[in-house]
Structures are given as C-alpha cells and as structure tokens.
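Overview (structure and organization)
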Amino acid sequence: MKQFDYVRPATVAEAVAAAAQPGAAYLAAGTNLLDLMKGGVSRPDRLVDVTHLDGLDQIECLADGGVRIGALVSNADLAHDAHFAKSYPAVAEALLSGASAQLRNAATIGGNLLQRTRCAYFYDAASRCNKREAGSGCDARDGENRTHAVLGWSENCIATHPSDFCVPLVALDAVVEIEGRNGRREIALDELHRLPGNTPERESALEPGDLIVAVRLPAAARGFAAHARYLKVRDRTSYAFAVVSAAAALQIENGKIVEARLALGGVAAKPWRARAAEDVLRNVAPTADAFQETAWRALTDAKPSGDNAFKIELARRIVVRALSLAAAGTPARIAALPASPFASTSGAIHARA
Amino acid sequence: MPELNLTSAPAHLRHGSNIGQPLTRRDGVLKVRGQATYAADNHPPGMLFAVMAVASIARGRVTSLDVAAARRHPGVVDVMTSDHKPELAIDPEIKTNPFVFRMEVLQSNEVRYANQPIAVVIAETLEAATEGAALLAPRYETLPALVGLDAGESFVPPVVGVGNPTENHRGDVEAGLAAAEKQIDAIYETPPQYHNAMEPHAIVASWNGDSLQIDMPTQGLMLSLARVAELFGIAHDKIHIRSPFLGGGFGSKGLMAGPPVLGIMAAKLVGKPVKLVLRREQMYGPVGHRAPTRQRLRIGADGEGRLTALDHHARTVSSTFDDFYEPAADASHTLYAAPAIRTSHDAVRVNTGTPLFMRAPGEATGSIALESAIDEMAWACGIDPLAFRLKNYAEVEPITGKPFSSKALRACYEQGAARFGWAKRPLQPRQMRDDDGLLVGWGMGTATFPALMFQAEARAVLRRDGSGAMEIGAHDMGQGAWTALAQIAADELGLDIDRVEFKAGSSDLPDAGIAGGSAHTATAGAAIHSAGAAVIAKLADLAANDERSPLFGAGNAGVIARDGRLIRRDDESRGEGYSEILARADVAEVEARGTGAPNPAAMEEYAMHAHGAVFAEVKVDPELGQVRVTRMVGAFAAGRIVNPRMVQSQLFGGMIWGMSFALHEEAITDRRSGRVMNANLGEYHIPVNADVPPLDAIMVEEHDPHVNALGIKGVGEIGITGSAGAVANAVWHATGVRVRRFPIRIEELLTKL
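Here the structure is a predicted model, which is why all the values come from computation and not from measurement.

So, on to the overall build of chain A. Scanning chain A from N- to C-terminus turns up 13 helices and 12 strands. Scaling as 2.2 N^0.38, a compact globule of 353 residues should have a C-alpha radius of gyration of about 20 Å, and chain A matches this with 20 Å. Across its three principal axes, chain A shows a C-alpha extent of roughly 60 × 50 × 40 Å. Looking at chain A as a whole, 58% of its 353 residues qualify as buried. For chain A, long-range pairs separated by at least 24 residues make up 64% of all intrachain contacts whose partners lie at least 6 apart in sequence. If you sum the accessible surface of chain A, you get close to 13,800 Å²; carbon and sulfur atoms cover 48% of it. Here chain A contributes 40 positive and 39 negative side-chain charges, whose respective centroids are spaced 3 Å apart.

Right, let's talk about the interface of chain A and chain B for a bit. Across the boundary between the two partners, chain A contributes 46 residues, which contact 47 residues of chain B. Summed over both sides, the interface between chain A and chain B buries roughly 3,800 Å², with carbon and sulfur atoms accounting for 52% of that surface. Counting the contacts that link chain A with chain B gives seven salt bridges. For E683 of chain B, the salt bridge identified is with R118 of chain A, shortest N-O distance 3.8 Å.

The next thing to look at is the sheet that holds strand 18 (residues 432-433) of chain B. Residues and elements named next belong to chain B. Judged by pairing direction, the sheet is mixed, and its five strands sit side by side in the order 18-19-27-28-29 without closing on themselves. Each having just a single partner strand, strand 18 and strand 29 (695-699) make up the two edges of the open sheet. As judged from the two bridges shared by strand 18 and strand 19 (residues 439-450), these two strands associate in the antiparallel manner. Directly across from R433, in strand 19, lies its bridge partner L439. Packing against the sheet, helix 15 (residues 723-735) makes contact with strand 18, strand 19, strand 27 (609-620) and strand 28 (627-637), and its axis sits at approximately 160° to strand 19.

This part covers the sheet that holds strand 2 (residues 24-27) of chain A. Residue and element names in this part refer to chain A. Reading across from one edge, 1-3-2 is the order of the three strands in this open sheet, with parallel pairing throughout. Of all the strands in the sheet, the pair left with one neighbour each is strand 1 (5-7) and strand 2. Adjacent strand axes in the sheet meet at a mean angle of 25° when their direction is disregarded. Both strand 2 and strand 3 (residues 46-49) contribute to a ladder of four bridges, which runs parallel. The partner of L27 across the bridge, within strand 3, is D49. Along the sheet, helix 1 (residues 12-19) makes contact with strand 1, strand 2 and strand 3, crossing strand 2 at roughly 140°.

What follows deals with unusual backbone geometry. In this model, F742 of chain B is joined to P743 of chain B through a cis peptide bond whose omega is 0°. Within the fold, P743 of chain B resides in the loop between helix 15 and helix 16 (746-750). We note that N254 of chain A has phi near 50°; this positive angle belongs to a residue other than glycine. With respect to the helices and strands, the residue N254 of chain A is situated in the loop between strand 10 (244-253) and strand 11 (256-265). With relative accessibility at 82%, the residue N254 of chain A sits in the exposed group. We note that N283 of chain A has phi near 65°; this positive angle belongs to a residue other than glycine.

Our next topic: the confidence of the model for chain B. Residue and element names in this part refer to chain B. When pLDDT is averaged along chain B, the result is 95; 97% of the residues meet or exceed 70. Segment residues 1-16: pLDDT under 50, and 43 contacts once partners within four positions in sequence are set aside and those in other chains are kept. For this predicted complex, the interface score ipTM comes out at 0.96, alongside a pTM of 0.96.

Quick look at the state of the cysteines now. Two cysteines form a disulfide when their sulfur atoms are joined by a covalent bond. Residue and element names in this part refer to chain A. Counting across every chain of the model gives zero disulfides over all chains. For the unlinked cysteine C129, the closest cysteine sulfur is that of C119, found at 6.0 Å. We classify C129 as buried; its relative accessible area is 8%.

The next point concerns helix 1 of chain A. All names here are of chain A. When helix 1 is considered as a whole, its buried residues turn out to be V12, A15, V16, A18 and A19. Buried positions in helix 1, seen along its axis, are confined to an arc of 165° and lie on one side of it. Residues of helix 1 that are buried make contact with strand 1, strand 2, strand 3, strand 6 (175-180) and strand 8 (211-217).

This paragraph deals with the environment of V76 of chain B. All names here are of chain B. Its place among the elements puts V76 in strand 3 (residues 76-80). Look at V76 and you get buried, because its relative accessible area is 13%. For the pair formed by V76 and F49, sequence separation is 27 residues and the distance between their alpha carbons is 9.3 Å. Residues contacting V76, with those up to four places away along its chain left out, are A70, R71, V121, I122, A123, A128 and G132.

Since one α-helical turn is 3.6 residues long, residues separated by three or four positions face the same way. The end-to-end C-alpha distance of helix 15 of chain B, which contains 13 residues, comes to 18 Å, matching closely the 18 Å that a straight helix rising 1.5 Å per residue would cover. Looking one or two places after helix 15 of chain B, you find G736 of chain B, whose phi comes out positive at around 80°.

How each quantity is defined
Every chain begins its residue count from 1, and numbering advances along the sequence as written. Whichever chain is written first is A, and whichever ligand is written first is 1; the rest continue in order. Only residues with pLDDT of at least 70 are given local features in this predicted model, and only at 80 or more are side-chain atom pairs given and counted; all residues enter the totals for whole chains, interfaces and linings. With hydrogens and water stripped out, all remaining heavy atoms of the structure feed into the side-chain values. Strands are runs of DSSP state E lasting at least 2 residues, helices are runs of H or I lasting at least 4, and numbering of each runs from the N terminus. Atoms considered for the radius of gyration are the C-alpha atoms alone. The globule rule reads 2.2 Å times the number of residues to the power 0.38. Here's how the labels work: a residue is buried when its accessible area is under 20% of the maximum for its type, exposed when over 50%, partly exposed in between, all with a 1.4 Å probe on protein chains only. In what follows, residue pairs with any heavy atoms lying within 4.5 Å of each other are defined as contacts. A 1.4 Å probe and the Shrake-Rupley method give the accessible areas. Residues count as covered only by the protein chains that appear here. Charged residues are defined narrowly, with Lys and Arg counted positive, Asp and Glu counted negative, and His plus the chain ends left uncounted. One atom stands in for each charge, and that atom is NZ of Lys, CZ of Arg, CG of Asp or CD of Glu. Accessible area that two parts lose when put together, with a 1.4 Å probe and added across both, is what the buried area reports. Only one rule defines a salt bridge in this text: a Lys or Arg side-chain nitrogen within 4 Å of an Asp or Glu carboxyl oxygen. In this scheme, strands are said to pair when DSSP sees at least two bridges between them. Fitting a line to C-alpha atoms yields each axis, with helices limited to the stretch in contact; the angle taken between N-to-C directions then spans 0 to 180 degrees. Scored from 0 to 100, pLDDT reflects the predictor's confidence in each residue. Note on terminology: disulfide denotes any pair of cysteine sulfur atoms within 2.5 Å. By definition, the arc is the one covered by directions from the helix axis to the C-beta atoms. Any helix carries an expected span of 1.5 Å times its number of residues minus one.

Structure representation (structure tokens):
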C-alpha cells in the first residue's frame, strides 16, 4: 500500500496540529479507514492515531442530567453500559444492530459519526464519483442503485450515510464536541453531516484538523426512555447495512403524545431528522392513523434516485412500525436480534447479543 | 473390515469398528490452535511477495502501464507484464483436454473481463508489491462490455456441464402439454454467484533448478500438477504440490486457474520463492463462478395431478473466450415421472471470467427453478406439494428409463415430513401467523445429486511394529477427508485408527482424483478399500504359506483381519498378529496398491443418485417484507454414511447454501462496466449466524450394492438442491406472492403483501 507517516500525538492539541496538514487523516479503530486505504479509495499521507489520547474513552453523567460520551468509547462498551442503555435505549439498540460483534468491539463513537457511505461506486476506484473525486461525475445515478438515497440527494450524488448510531442520536438532539485549530466548539449532530448539493465531496461541517472529542446527549433525551425504539430492515438478519431504518421516541402523558422524535437512516447522505413529521404527533393520541399521517409527512419530499422507489414505501411502513413499537413501550431488555423485525421470534436463539 | 477371497472380488464385512462412527475431526485441534499450515502460511527463506494488478475494464486492451513508477517504488523487485515474463512451454489458450480451461497469464494485452490479471508486481514486502501494483496506473482502450443474459445473439452450445448433451428428450412434450388439464408456464431467474471460500486462492512457489515446490490449496492435486507440468514443460516428478488443508473450495479450486500460474511464473522470473495471494475482490473474475440463468418451465398435469409433460429450458452465459455452460435444465432429468420430458439450453457470451463448477453446478440452479415450478403446479392442481411429488414419484429414472441403483426418497419424504410436522400444513398460502403477527410459511423441495466416481489410487502398508499406513493424495477441503478416509483405511487394514498413519494432501502420494462432484469419499474410499484388501492378501499369503503360523493352510478365503490380527474365519481362536507374521517372515513391511474407479457396467445398467427431501419454515414481516428462515429439516439418503458427524456438517452446509441461494447470494454487476459492484464479504451477502435457523439433517438408511464396493454416494452438494426451492416455496406459502427472481428481495414482496 501507499507509504504514509504514522504519528501518535500525546495531546489533543498535538493531534489537531498534526491533522490540520493536507493529506492527514485521523485513525481511531480504522474499521472503515483501513478498508478504504486497502481499496485505494483513501490514500492519506499521514495517519494521526488518536487512540492513545487520554480522557476520550469515558462515559460521563453530566450534572445537568445529560451524558457525555468520549469519542474513543467503543460501540460495544457504550451499548453495554447499563445506565446508558436504560437512559437511551434506542441508541443502544441501534448500536447493537450495527456491524458485527467484532467490529462493535473495535469501532469508536467518533469514528462511527464519520464513517463513509457504502455506495459501491464510491468504493470502486474505477467508477466516477463526485464524492471521491470532485467533479468527476456520478456512476451511481444510472447504475446499480437500489439502496441509494430517496431524500436530500442531488444529481451529483445519491449516496447515503450508513450509520445506525447516528439515527437515534439525531432524533435525540445530540451535540458534537469538536476540538479544532481555533479551540473547542460544538454543533448539533444534525449540522454535522451535509447534504450533497453541488459539493458532495464536502461531507461534514468539519474543517481540517477538527477532531470530534465527544458526543453529548441532553438531559431532555432521557425523557423518551420509556418509549424509544430503533427499527432496521436489512437484506439479511444481521451484519448488513440498513435498507431503511428509523428511530422513534415518544413522550406520552395521559394517553397523549407530548413530544415526538423521528429520524430515518439509510435514506439520505445524513441521518434524516423528520421534524415536520414530529409535529403531526404533538398532542395527539398514539394511534395507527396518526402514525400513518406522520409517515406520509416524513416522506413528503422523497423521490427515487434510481431503482429504489420501494424504499419510500418501505420507509413509510418502518416509520409506522417504529412509532407503534415506541408507543407500546421500551422493552425491559434489548432483544436478541436488536432492531430487527424478527426481534422477538424464537428463531433468534443463535443470535444472542 | 475386509474378508479376503482371492478367487473373487473382496466382499466387505463390517464389524462397526471405524466406518459409521461419528469421530470428531482429526485435524480439529490443529485448526483451532492455528497450527494447521495453509498454503499462505508457508514462508520459505528469501521469499518475495507478488501482487496482481487487475483490469478495471471488462473488454478492450491495456495500452500502457507505468512500469517505471512501480519499479521505482522502494522494495519492488520486478514487474511482470506481457512484455516481460518467463515463456511458457505451451500456449495457455490451447485446450489439451476437457478439464483444461483458458487462463490469463499475461499472454497478451487483451482484456476479456473485469479483474483479469494484467501485471504482477514482485517485491520484498506485501505492502511494497501492493503499492507497486497501484502505481502501474493502467490505461486502456475500452470496448463496450457485454453484460447479462441478453448481451448478444444466443446460440446453442455443443455440450453443457462436463460433456452433457445440450438437449434431451423422452416422449412428446408438446402433445403432453396439449393433453394437460392444468398447465404452468413460468420463468425463473438466478443471478451470478461467486464461491467466496474463506481462504482466497494462494500459492507459494519455489524453483530449484528445474524442480518446482508448490504450496497451494487445490481440490485436484494431480490435475493441477499435470497442468503445471504442461505449462512449464517439466516432468511430473519434478513438481511437488502440498495441499494439506483448504479453507474451502466449493469448486473454485478444482482446476488450475491463472493466478497461481502467475505465482509460479513470478518465482521463475525473479529466481526466488514467491507468494501470491488473491485479494477478496480479485476472486471475482479469474477463478470461476456460477453463471446466471433464466429458466422457462412448462409443465402439464392431468386431472388427477399426474404430470403429462415437463419442458425445461435454460439460458445461461459463458465467457467470450471459453466454454462452460451451467447445465441447469438437466435437473429435470431424474426426479419426476413425466411421460414426456424435454430439457434444452442456450447461451450468450459476456465479458466475464469463464463460469465454472460451483456448489452443485446445474443441479442447484435447476433445482430452485424446478422445485418452484413443481410447487406452482401442485397449487394449480389443488394438491399438497408432498402429495403431488409422491403422485409423480419416479420409480425409474425418467429421462433414461433406467432403474435406480437405490432410491430411498420415499423414506426421506416420510421421515422429513414427520420430523417437520408437514401434515399440519394448510394447502392455501398466507394462512399461518405466529404470536407476533409474522406470516409463517412452509415449503419443501426434493433434493438430488448424482452419485459420481472418478479414478483414484492408494498405497497400503503393514509394518512389523503392528502399525499400518495408507497413502493417497486426497484433499481435505473442510469436509473431513482427514477423518473419514482414515476411518475407511483403518477398517480396510484391520487396525485401530490410531495405528494407521494416514497420509494425504500431497502430490507425491498416489492420485486420489479430484475432490469434486461430491465424489471424493466414494472415489478415494474405493481406492483405499482396494489397496487395503490387497495388502491384507499379501500378509495372509505370508502366514498361510508358513507352516510355523497358526494360520498355515488357512488359505486367503478363510482369513479375516481385525484389531491387528489375522484370524481364521472358521475358527476364530486361531489367529496371529501382523507383527508376528512379519517378524517370522523377516520383512519390515508389506505394501500393496489398489485403485478405485466407477464400474461402467453398473453405470450402464443403473441410474445412480443420492436423494433427499427438505422442508423449510420461513417468517415474513407482513408490512416490511423482510424474510427469515426459522426452521429447516432435511432427510437425505446417500448410501453408506462413513462418519455421521462429518456428513451432518456437510448436509447442514448444503442446506445453508440453499437458503443463501434463495435469499441472499447475488453478484451485482454494473451493466455498463461489467464490474461486480459488491465484490466483498460485507456486501456480497451470504448467511450470517443470525440467518441460520435450527437445522435438522436426517440420514436415511440406504443400502446401495451397485455404486461401489463400499456403497458410498456423495453428500457434499446434495444439501443445496431441494433446500433453495424449499425456502422459496415457503416464502410463497407465507405470503401468497410467488417470486421467480432469486435471491428473493424485500422489494419483490413489499408492495404485494
């Protein structure tokens, strides 16, 4: 493979300085980056290994009732943190529905946010891809695109963001803490990922050198714990990216929804928060009709980007189901097949999480 | 345990000492500890690393390679291209026998398919070779790629599979269809699939003068050796191939492919040992795959539900430069007693690596279409699918009229159905739900696979210390040959398995034939049987002719070998240990060779097949369309079972392949570029543990006196047949939606649910 420099900074400041230079990339677990490097899709000159930085692997309960998750916490550690899973069950469920146990043990929270699309044309270095090489064209647009975007896409890019974790996070108003050349700042997760527009090569709001150091969930997010689910339809039962997924979270008081949160995965270049659809549910009873209307509202702007019109109908049905599951109440423990439509079937005996 | 009779073929008496026992894998601990040496684990001194550069176009030619840039990269030793390579002794385009396929070994700059090797970079490290290959930055003259089942003018190939006639018929199909009360006419499509063995193709090659040492996983040591000898113009005895373990082959490691030849060429070019291991994505091209098919089935039945005609046509593809045609329609030859059967094939040429043998080539693709169509026909007739199959049970092989050498399919149906609980199945689809509201469906399929045999040799030795040896260049590709063949060897030598040194996996041992066609245990087992009998006969001669032996005068006919002793058959109190016999004769050991081969007379007289019945339960989310198999029961009759533990494992594997065929596997090819877009195990879906339901494989007792002396049929591939159709039929039964394009995807069900 291409020769590259490997640096292991001792402090966050050193890391930011090292990564701010052109051709540098942060390395955490490398579960995505190493594949990209092996495939010649990403060819960094310098890897800045952040895995030895102190203080980024903690799950902290904040005084205001929120939680702060260090960027180097592994997916598995976060999902299996009993207090976290109880407070933010849909997030734990999403984490456990992603990848494989081995990958979850390695992958980090910060890296998960920045994983790249699974668009095959992005990974195929011989294909044209505006995301990989700005202005080169998009071979996915008229290619094999049944899994591509139905929301927020442009003629320049129809790729989706593959994360499960980000879907409930964006629903729950997660905030991303970033250390950059000009110090620390924070942005809403919803602002982190960009839609492609005319610049699909610019995937996030991060500037050169920016290092995600933590993800925060506000105290208010815990208010949904009793009615929060993640649901993910896949082409196989496990170890597959979502065809479409949804996170649904409700606060129900006296038989009425006080507040609703809804986000979709696998449908756009970012985890898709469906705010307009959430409004449908404010101060109404959690009924099938209300959920149907919500689903229609959530997909109002959807349009197929190729051979994927089915994803729009699938997304509507997933929204209805996820809301119904959330309304029914968060189960006491996460099922053996997390987020699966088959979560409760007896055939799940091979797949204890 | 053999009884010896010099006047006729040895009859086989068994005392249950080894064959039939569920021994655990003798190589299991080695594998679990990581001590089993696979090809790529070998690192001879001075070894260099070779990495292939492969074409990103599917058709055209390479116009330039930046060899200078690759050479400049630190650690790169040499770059092998079509202009700079060792010459081969023969043109790799020449087909010297039907088992020779054309390969790309840099003989020209033409590109015939995506991922074709176009150069090899040899370097001191894998990393340097990898980067060197990237730095070649090939330029191409690109022609439009031929992709898919409608890529061009179709033609009728001269043969399909390995020399099967392209068309077969018996009776008048059109008349049968015309006379039918019920008819179906349906088209089924199956996708291109890739073997995806866990272990990629790999070779470590070392030249020493004109001698060649090769470590390489192969399912066919001698076929590979002969091909290497031919290509490099060296004598067979100058080549040594070791292949003690394969990390799966599934047909892709049966014949010598281009990449390992490139490894040998690279070693010759640089004069040092070279290792070449394919990257996962490089396995989607030069090492074979299963071609896509489009199959049309027309079936007629009378008012009683008896078939009147069965017409099965398959369209498939081959490469633009060689011929292998998935014999899918042949699946209709053997199962159902239609008075009129016609099978036919046609093909188009596409820019792909030549399709080859993969997990029941033809049988699997044909089976999912046939079993779906039979299910559709049963429904059209309003008859339970099992009852329909029994009504059309073939008492003789339908296409030839030959009797079966044995056929316990009825018992398979009965035992499988009973274990599964089939009798409670509602005839109508979409009748069952579970407690969570998921749709539940039950489907079945009939399994069948021919009982094949190739030719093999074995060498048996009995030693003065009371031990024995059995030598045969057999292949353990994960199926358990190290164990099952050693069990046969122990029985044939009349020794405890721990007293038998069983040698396999090396080309300096007698030729075991190919580990393919589900024929390895039968073929190698027959050779072991024959060698064992021969060496016991020699030992018995020594004893019976020696007046100091208690066996003196017993004659071979009167001796049996058991527990390291020869015993008089008529008086079991009289016997003598092997050690004593050899010591008195003052010989260190006796040895003998034996051969195994199919019996042409029996093959002429009988149709020989393994059979089975597979029952599957699926659940389908009624709104979301996601499918999950929740239960599978297979009942298989495959003659003598040597090791039920290994066989169960193979049958499970086959059943999992079947569900994979129905629900998961598909190479997604870009219709413009001809490149496979999901050439990795993340996106080319095979079942993961969570997809695999509780499995049950019943081994139905079957005695076959005709297939071979041991009565063994194959079990390697039969599991995929029947299973794929059973899952597809269960999806229909759950939903009422008949999907005829495989794998069954969510979108095919979603809007129809």
